[in-house]
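A structural walkthrough
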There are 6 protein chains.
Amino acid sequence: MSTVALIQYKDAPPEVRAVFDDIKRTRNVPDVNNFWKALANHPEALRRTWETLREIMRPGALDPLTKEMIYVAVSVANNCDYCIHSHTASAFAKGMTEAQYGELLALVSMAAQTNALANAMKVPIDPQYLAAP
Amino acid sequence: MSTVALIQYKDAPPEVRAVFDDIKRTRNVPDVNNFWKALANHPEALRRTWETLREIMRPGALDPLTKEMIYVAVSVANNCDYCIHSHTASAFAKGMTEAQYGELLALVSMAAQTNALANAMKVPIDPQYLAAP
Amino acid sequence: MSTVALIQYKDAPPEVRAVFDDIKRTRNVPDVNNFWKALANHPEALRRTWETLREIMRPGALDPLTKEMIYVAVSVANNCDYCIHSHTASAFAKGMTEAQYGELLALVSMAAQTNALANAMKVPIDPQYLAAP
Amino acid sequence: MSTVALIQYKDAPPEVRAVFDDIKRTRNVPDVNNFWKALANHPEALRRTWETLREIMRPGALDPLTKEMIYVAVSVANNCDYCIHSHTASAFAKGMTEAQYGELLALVSMAAQTNALANAMKVPIDPQYLAAP
Amino acid sequence: MSTVALIQYKDAPPEVRAVFDDIKRTRNVPDVNNFWKALANHPEALRRTWETLREIMRPGALDPLTKEMIYVAVSVANNCDYCIHSHTASAFAKGMTEAQYGELLALVSMAAQTNALANAMKVPIDPQYLAAP
Amino acid sequence: MSTVALIQYKDAPPEVRAVFDDIKRTRNVPDVNNFWKALANHPEALRRTWETLREIMRPGALDPLTKEMIYVAVSVANNCDYCIHSHTASAFAKGMTEAQYGELLALVSMAAQTNALANAMKVPIDPQYLAAP
């Protein structure tokens, strides 16, 4: 189904293994998920993407669960099957409750609705929204 | 620029005024923003949209600022000019810090990147993500 | 603002003028709109696009107004500023009433909402929808 | 495959059963389709979404088949697998002919094409399209 | 799974066979792929789409492999499963190397990232980009 | 218009100036364009984004003009106003001819068209496209 072969740890070159090791250590998982095995066909892209993701998903001004829920929301809007599955699972693993998931779904679909309405009517932007923040 | 005329309070029929009054009361603002004035051309849509939005944006399992940031994230992914402007302004008004905004931007763009990669490679979904939650 | 210059009739080569003439005759308008003037930078694309559009917008199993409203709906979903403006204007010119426009807006935004929900939850397709029509 | 469990009628709480009953009665079907069983995990979202959909799909200024075809068109543009399947089936059930379906497909793909062209060239909007309707 | 039946050569009317024959001759393949068998339900759309595609994919100012890679890039951005599979396979058949594919993936995902950032921040367009080319 | 202030070189902190200097040196330009001035509000995102972009746009298995054209194609599909303007201008600066630009436009719009058709009909993927490359 995939357009690329999945690279398993035992078949991976050293620079790929190094990234896989870091993912497993950082996330405390026994194996990396398919996204990384697919990306491993391109070791430079693998390293770059993982390093950026690790940095961005680190707790910061936003807590890890909030970050994961925002990731789900964007993945739904961009309609990425794999990412919806993996990030929804991650959000539940990080403690998302059914009530929070329900509100997340409501927000994503409500935003899609008003996005469509505002785009359809080409609503002029109110002056107060244009001031530099 | 708009495909519809903006309906001002003074020119609005009673059922539109009732919604405008509720928006102003709920948000504690002197006037409604252009989105509602545009939607007021269709009083039923105005009422339905406002009632749903009011219910969804109410504090619940997610706090109002988190909700607003998710709204921004989806609006960026859906590329709605008006909504990006209005919800970014609302998020700042609800206390979003520059650090939080920076992380929100990083998340939205990182998700766009991995969404594209996973879609391009048609990564097969790992079995553990397919189990019912 | 445009990435290309707009080609005016008086400056156009014969093969562009021929298409412009056909557009004006078919639509009974004194001049072509900017889309065609922009596309005229690439005469082959101009000819191909116009011939296909003329064929598709012709009355057939669907009447011209229904066609125009479907065009508006897709242009909103694809978020094309120019096309939303031009096809909304065309729909009104072909007799779309305010009530019809209100229902069109409601449909486009409702579909955006349920599209997001079904994509987010990855709803399995019911067997009856999979049967060949 | 779904990120949520499907709620069957016999396992549903009363407020979900009430909505399921209304869907079955309104559509004259023996069971609700999977979309509603998935959404039933969030009874408030279920009720809200159904009530809005029922109101919007009711015959009005647009007839039910036209509404269904517009729903298909938007679902294609938003690329919602489930919705494309379910609404295409509904449109055929409401009497869409093969000829109408062919024209619908032609419109959706033609609009996608000119949407891309107008967005790529950033065609300036003609003054006559900017006048308030 | 498909919303239409696939039309096989032996069951096709003459005008469909003529297009199938031209596709097979042009591409030097023993049978047409499913896209054309699906589109064959609407012979006029089949003919129009094939004639345009044949003209556009012909070697011109851009070589066939570059064209195919651009086609993959757009199909990823538009998230078309079928097209990603078929055009990635075609690009490999036309000589795309793994290194080129890796750079193509990197470009598509990088563009998605900066597209999201520029849209999110509503970056004003620099004057030098607005001059007519 | 922007949701953020543009950071000018003279007002930028040292870590931002270092990135600006590298952009100017790499591209041989007197000043950075607005995208970077906007992103400079978040110095870490600025550094990360620039370093990745510099690496990806470097000549490799694909030449710089091909890369720029692919960037334009994705930006059109993602409908990013700023990116369409800036990358179209960059492609012309790197030697894109009018004929190449015309073919690029034709490809982007043709792909949008067949993407919509394949998504609409849910064309089943041919077995030969599913084999691991």
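In case you missed it, the structure is sitting above this.
Let me sum up the structure you'll find in this document. (Residues numbered from 1 in each chain as written. Chains lettered and ligands numbered in written order. Predicted model: local features only at pLDDT ≥ 70, side-chain atom pairs only at ≥ 80, totals over all residues. Heavy atoms only, no water.)

1. A short note on the pattern of salt bridges
What counts here: When a carboxyl oxygen of Asp or Glu lies within 4 Å of a side-chain nitrogen of Lys or Arg, that pair is called a salt bridge. In DSSP terms, a helix is any run of H or I states spanning at least four residues, a strand is any run of E spanning at least two, and both are numbered starting from the N terminus. Under the scheme applied here, a residue whose accessible area is under 20% of the maximum for its type counts as buried, over 50% as exposed, and between as partly exposed, the area being computed with a 1.4 Å probe on protein chains only.
According to the stated counting rule, one finds 66 salt bridges over all chains in the structure shown. In this structure, Arg47 of chain F engages Glu55 of chain A in a salt bridge whose closest nitrogen and oxygen atoms are separated by 3.6 Å. Note that Arg47 of chain F is positioned in helix H3 (residues 43-57) and Glu55 of chain A in helix H3 (residues 43-57), a pairing that runs across two chains. We classify Arg47 of chain F as partly exposed; its relative accessible area is 26%. Where salt bridges share partners, they join Glu44, Arg47, Arg48 and Glu51 of chain A together with Glu55 of chain F into one cluster.

2. A look at the state of the cysteines
All names here are of chain C. The condition is simple: Cysteine sulfur atoms are paired as a disulfide whenever they come within 2.5 Å of each other.
Scanning all chains against the criterion turns up six disulfides over all chains. For Cys80, the disulfide goes to Cys83, at an S-S distance of 2.4 Å. Across the S-S bond of Cys80 and Cys83 the torsion is about 50 degrees, and the bridge reads as right-handed. The residues Cys80 and Cys83 share a single accessibility class, namely buried.

3. Let's talk about the relation of the copies chain B and chain A
Filter applied, for reference: Copy-to-copy alignment: least squares on C-alpha atoms, limited to residues at pLDDT 70 or above in both. Residue contacts are defined here by distance: any two heavy atoms, one from each residue, within 4.5 Å place the two residues in contact.
For the pair chain B and chain A, the best superposition has an RMSD of 0.0 Å and corresponds to a rotation of 180 degrees with a translation of 0.0 Å parallel to the axis. Interpreted geometrically, this transformation is the action of a two-fold axis. Comparing interface residues between copies, 100% of those in chain B also lie at the interface in chain A; the contact surface is shared.

4. Structural notes on the side chain of Arg48 of chain A
Take Arg48 of chain A: it is sitting in helix H3. On the basis of relative accessible area, Arg48 of chain A is assigned to the buried category, the value being 13%. Excluding anything up to four places from it in sequence, Arg48 of chain A contacts Ala106 of chain E together with Thr52, Glu55 and Ile56 of chain F.

5. Topic: the environment of Leu6 of chain E
With respect to the helices and strands, the residue Leu6 of chain E is situated in the segment before helix H1 (14-27). C-alpha of Leu6 of chain E to C-alpha of Ala38 of chain E: the two residues are 32 residues apart in sequence and 4.8 Å apart in space. With sequence-adjacent residues up to four places away left out, Leu6 of chain E is seen in contact with Asn34, Lys37 and Ala38 of chain E together with Pro124 of chain F.

6. Quick word on the interface of chain B and chain A
Applied cut-off: Here the quantity called buried area is the total loss of accessible area, with a 1.4 Å probe, experienced by two parts when brought into contact, counted for both. N or O atoms within 3.5 Å of each other form a polar contact, as long as, within protein, one can give a hydrogen and the other can take it, and as long as residues adjacent in sequence are counted only when both atoms are side-chain atoms. Polar here means any residue other than Ala, Val, Leu, Ile, Met, Phe, Trp, Tyr, Cys and Pro, which are nonpolar, and Asp, Glu, Lys and Arg, which are charged; Gly is therefore polar.
Each partner contributes residues to the interface: chain B has 62 residues there, and chain A has 62 residues. Taken together, the two surfaces of chain B and chain A that pack against each other cover about 5700 Å², and 72% of this comes from carbon and sulfur. Among the residues chain B hides against chain A, the three largest losses belong to Leu107, Met121 and Tyr129 of chain B. Together they make up 12% of the total. Our count for the chain B to chain A interface comes out at two salt bridges. Taking the shortest distance from any N to any O, the salt bridge between Lys67 of chain B and Glu103 of chain A comes out at 3.2 Å. Linking chain B with chain A are 28 residue pairs in polar contact (both at pLDDT 80 or more), by the criterion used here. If you list the elements that add at least two residues to the side of chain B that touches chain A, you get helix H2 (34-39), helix H3 (43-57), helix H4 (64-78), helix H5 (81-93), helix H6 (98-121) and helix H7 (127-130) of chain B. With 17 residues, the single largest contributor to the side of chain B that touches chain A is H6 of chain B. Classifying every residue of the side of chain B that touches chain A gives 40 nonpolar, 17 polar and five charged.

7. Thoughts on the relation of the copies chain E and chain A
Here the second copy of the chain follows from the first by a rotation about an axis and a shift along it. Each copy of the sequence occupies a distinct position, and chain E is placed on chain A by a rotation of 120 degrees and an axial shift of 0.0 Å, giving an RMSD of 0.0 Å. What the rotation and shift describe, once combined, is the action of a three-fold rotation axis. The C-alpha atom lying nearest the rotation axis in chain E is that of Asn79 of chain E; the distance is 4.5 Å.

8. Examining the packing of H3 of chain A against helix H4 (residues 64-77) of chain A
All names here are of chain A. Cut-off, in case you're wondering: What counts as an axis is a line fitted to C-alpha atoms, over the stretch in contact for a helix, and the angles between N-to-C directions run from 0 to 180 degrees. Between 65 and 115 degrees an angle is taken as roughly perpendicular, under 35 as roughly parallel, over 145 as roughly antiparallel, and anywhere else as oblique.
The contact between H3 and H4 brings their axes to 10 Å, and the two run at 125 degrees. Looking at the two axes, H3 sits oblique to H4. Residue-level inspection shows Leu53, Ile56 and Met57 of H3 in contact with H4, the latter providing Lys67, Glu68 and Tyr71. A per-class count over the contact of H3 with H4 returns four nonpolar, no polar and two charged.

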